[in-house]
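Residues per chain are reported as follows:
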2 protein chains.
Amino acid sequence: MKVRRSDRLIDMTRFLLERPRTLISLSFFADRYESAKSSISEDLTILKRTFQERGTGLLETLPGAAGGARFIPYILKEDAEAYIAELCAKVSDSHRVMPGGYVYLSDLLGEPAVLRQLGRLIATQYMNQTIDRVLTVSVKGIPLAQAVAEQLNVPFVIARQDGAITDGATVSVNYVSGSSTAIEKMQISKRALPANSKVLIVDDFVKGGGTISGLASLVRELDSEVVGVTVFGEGRFSGQRQSENFTALLHIETLQSEVEPIRATPGDYLERVFGNER
Amino acid sequence: MKVRRSDRLIDMTRFLLERPRTLISLSFFADRYESAKSSISEDLTILKRTFQERGTGLLETLPGAAGGARFIPYILKEDAEAYIAELCAKVSDSHRVMPGGYVYLSDLLGEPAVLRQLGRLIATQYMNQTIDRVLTVSVKGIPLAQAVAEQLNVPFVIARQDGAITDGATVSVNYVSGSSTAIEKMQISKRALPANSKVLIVDDFVKGGGTISGLASLVRELDSEVVGVTVFGEGRFSGQRQSENFTALLHIETLQSEVEPIRATPGDYLERVFGNER
């Protein structure tokens, strides 16, 4: 039975949003809705316009018989600025300061609505690049990695600091944890990362950069390539970081002050991603 | 500027899908699209019908001036059966058998498309219940917990087996790991789980039930209530399980057979969730 345009638009919206970066052919939609390809083409034009007007993302449409559409989520500069400002306000809360200068972020990084926006922000940074895998280290980086992987529609991979991997052969590296000079070890299951993968590294927090530098070593050990590194928060670090090559959404400082125990400000994300736009 | 119906339907679809279980008022949509509430009401009727026809979920519409709509994702019985059969085929792969009878599942549980369906399956089981938090234990339960939390639109909380929590005051319990008789310890940050929360426990795999029994103790220690326990895979266990009170999507057995080293079959999920339906 031929499906009405309104019903097609609703179902196509859901279908495309659930499959970012995937080309869906005109024929597929034509069969699914028992409708002419020309009607589907018109639907896609409407979808493209609405997605653009609402800042939802880009609907790339490929013309011709083999054509179709691919949804690429992004966030607009003004939405990104507003959202990062909102995060700064949420993080700048004295209750988050833990002994040792740690910052409690697990509530934010366990909130689906927050994670979806973080995923959109980071996916926007890499929207024009090929990414095959998102990599993080357990535990606190996992939610962010999963959120980004969803928006990029690629698998995510978890490196572990303990020896409890029951996932077969592993590769491990030693690294210096940023907040100390202790040598630590992290490992990854070999089968989790095929050779020649293009890898995006994400993590919750960077201080000295030792962890992300260790993750990058794991990628190289498995004959793959780091395409980028983006973290939620960057802390203050006195001395030379082991890796400076990352983007941070927020800059977070814990201060020895009763008046202002913590201060979160935008990191270099906005500048790096939207720097050249007016 | 008044927004056309087609554009409204597309944007409302996205808006509702991203906010499961949240009541969005007619007034909100009327303002957003500068349209009459009566038009928005008609839009919601179309959305409701399409969501139902496509098995996307239930759009609860509340009539009246204070009314609105709430999207509750679910999966239909036939889709659930087909998807679980597909998972059984994917898991019944000899390459997944690890030394010690462990099963490699990290690829599936790191794939956004798989996780979305798993989230829908488990959210369907609890669609008529109040859930305030999803709880799991690190590391392998996290992706599933996050996927379920997304569909239920509630925060998820991660208990840890190591002592590395930098999240302030914790509560810990001892538990017996199912695959051994060793006493282990797991802990949770107190602030992660407010008292009187209704908690859904999820995990990747159950053998002896020690871990989920430990998670349930943590919930009780924090004066909250376990509403349900659902896991991806249930293994074979000889002897008395520490907890029998859980639902499994799959039953997974590793066999001492060269012909069939592993066998995955549907768990009791289908029976429990759809048992009384024709």
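Residues numbered from 1 in each chain as written. Chains lettered and ligands numbered in written order. Predicted model: local features only at pLDDT ≥ 70, side-chain atom pairs only at ≥ 80, totals over all residues. Heavy atoms only, no water.

Some details on the packing of helix H6 (residues 142-152) of chain A against helix H6 (residues 142-152) of chain B
Direction vectors running N to C along H6(A) and H6(B) enclose 60 degrees, while the axes themselves pass 10 Å from each other. Between H6(A) and H6(B), the angle is such that the two are oblique. In this structure, H6(A) crosses over H6(B), and the sense of that crossing is right-handed. Side by side, H6(A) and H6(B) meet where Ile142(A), Pro143(A), Gln146(A), Ala147(A) and Glu150(A) of the first sit next to Ile142(B), Pro143(B), Gln146(B), Ala147(B) and Glu150(B) of the second. (Axes fitted to C-alpha atoms, helices over the stretch in contact; angles between N-to-C directions. Helix = DSSP H or I, 4+ residues; strand = E, 2+ residues; numbered from the N terminus. Parallel < 35°, antiparallel > 145°, perpendicular 65-115°, else oblique. Left-handed = near helix turned anticlockwise from the far one by under 90°. Contact = heavy atoms within 4.5 Å.)

A word on the environment of Asp223(B)
Residue and element names in this part refer to chain B. Among the structural elements, Asp223 can be located in the loop between helix H7 (210-221) and strand E9 (225-234). With relative accessibility at 55%, the residue Asp223 sits in the exposed group. As a C-alpha pair, Asp223 and Ser197 span 26 residues in sequence and 7.9 Å in three-dimensional space. Residues contacting Asp223, with those up to four places away along its chain left out, are Ala195 and Asn196. (Buried < 20%, exposed > 50% of the residue type's maximum accessible area, 1.4 Å probe, protein only.)

A closer look at unusual backbone geometry
Here the residue pair Ser138(A) and Val139(A) is connected by a cis peptide bond, since its omega of 5 degrees sits within 30 degrees of zero. Locating Val139(A) in the fold gives a position in the loop between strand E4 (133-137) and H6. Although it is not a glycine, Asn153(A) adopts a positive phi angle of roughly 55 degrees. Positionally, Asn153(A) belongs in the loop between H6 and strand E5 (156-159). Backbone geometry places Arg21(B), a non-glycine residue, at a positive phi of 65 degrees. Mapped onto the fold, Arg21(B) is located in the loop between helix H1 (5-17) and strand E1 (23-25).

A few points about the interface of chain A and chain B
Taken residue by residue, the interface counts 54 residues in chain A and 54 residues in chain B. Overall, the association of chain A and chain B removes approximately 4,800 Å² of surface from exposure, summing both partners, and the carbon and sulfur fraction of that is 55%. Linking chain A with chain B are 6 salt bridges. Salt-bridge contacts for Arg54(B) lead to Asp11(A); the nearest nitrogen and oxygen are separated by 3.9 Å. Inspection of the chain A/chain B interface yields 14 residue pairs in polar contact (both at pLDDT 80 or more). Elements that contribute at least two residues to the side of chain A that touches chain B include exactly helix H1 (5-17), helix H2 (26-33), helix H3 (37-53), helix H5 (112-125), H6 and E5 of chain A. It is H1(A) that provides the largest number of residues to the side of chain A that touches chain B, a total of 8 residues. Of the residues belonging to the side of chain A that touches chain B, the class tally is 24 nonpolar, 13 polar and 17 charged. (Buried area = accessible area lost by both parts, 1.4 Å probe. Salt bridge = Lys/Arg side-chain N within 4 Å of Asp/Glu carboxyl O. Polar contact = N/O pair within 3.5 Å; in protein donor to acceptor, adjacent residues only side chain to side chain. Nonpolar A, V, L, I, M, F, W, Y, C, P; charged D, E, K, R; others polar.)

What about the sheet that holds strand E2 (residues 57-62) of chain B?
Residue and element names in this part refer to chain B. The 3 strands lie next to each other as E1-E3-E2, forming an open sheet whose pairing is antiparallel. A single partner strand is all that each edge strand has here, and the edge strands are E1 and E2. Geometrically, the sheet is characterised by an average inter-axis angle of 25 degrees between neighbouring strands, direction not taken into account. One ladder, built from 3 bridges, connects E1 with strand E3 (residues 68-73); its direction is antiparallel. By the bridge assignment for E3, Ser25 is matched with Gly68. Here helix H3 (residues 37-53) sits on the sheet in contact with E2 and E3, set at roughly 155 degrees to E2. (Pairing = 2+ DSSP bridges.)

So, the relation of the copies chain A and chain B
These two copies of the chain differ by a rotation about an axis and a displacement along the same axis. Between the two copies, chain A and chain B, the superposition gives an RMSD of 0.0 Å; the rotation angle is 180 degrees and the shift along the axis is 0.0 Å. The superposition operator between the copies reduces to a two-fold rotation axis. Closest to the rotation axis within chain A is the C-alpha of Ile10(A), separated from it by 2.9 Å. A shared interface surface links the copies, since 100% of the contact residues of chain A are contact residues in chain B too. (Least-squares fit on C-alpha atoms with pLDDT ≥ 70 in both.)

Topic: the UniProt feature "domain: Bacterial purine repressor N-terminal" (unreviewed entry) in chain A
Here, UniProt's "domain: Bacterial purine repressor N-terminal" (unreviewed entry) annotation points to residues 4-73 of chain A. Strand forms 21% of residues 4-73 of chain A and helix 54%; the C-alpha atoms that close the span are 26 Å apart. (UniProt positions renumbered as here; feature names shortened; annotations may be inferred.)

Let's talk about the domain arrangement of chain A
All names here are of chain A. Domain annotation for chain A reports domain 1 (5-73) and domain 2 (77-274). If you average the C-alpha positions of domain 1 and of domain 2, the two centres end up 33 Å apart. Contact residues are listed per partner, giving 9 residues for domain 1 and 11 residues for domain 2. Both faces combined, the contact of domain 1 with domain 2 buries some 740 Å², and carbon together with sulfur accounts for 41% of it. Among the residues domain 1 hides against domain 2, the three largest losses belong to Pro20, Arg21 and Pro73. Together they make up 69% of the total. Put simply, domain 1 and domain 2 have 0 salt bridges between them. Where domain 1 meets domain 2, there are 6 residue pairs in polar contact (both at pLDDT 80 or more). (Domains from an automatic or database assignment.)

So, the sheet that holds strand E3 (residues 68-73) of chain A
All names here are of chain A. Pairing in this open sheet of 3 strands is antiparallel, and the strands run E1-E3-E2 from one edge to the other. Edge positions in the sheet fall to strand E1 (23-25) and strand E2 (57-62), since each of these pairs with one other strand and no more. Sheet twist, expressed as the mean angle between neighbouring strand axes with direction ignored, is 25 degrees. Strands E1 and E3 of the sheet are contacted by H2, whose axis makes an angle of about 55 degrees with E1.

Examining the pattern of salt bridges
Residue and element names in this part refer to chain A. Taken as a whole and judged by the stated rule, the model has 38 salt bridges over all chains. When the shortest N-O distance is used, the salt bridge between Arg272 and Asp268 registers 3.2 Å. The exposure class assigned to Arg272 is partly exposed, which follows from its relative accessible area of 46%. In this structure Asp268 comes out as partly exposed when scored by relative accessible area, which is 28%.

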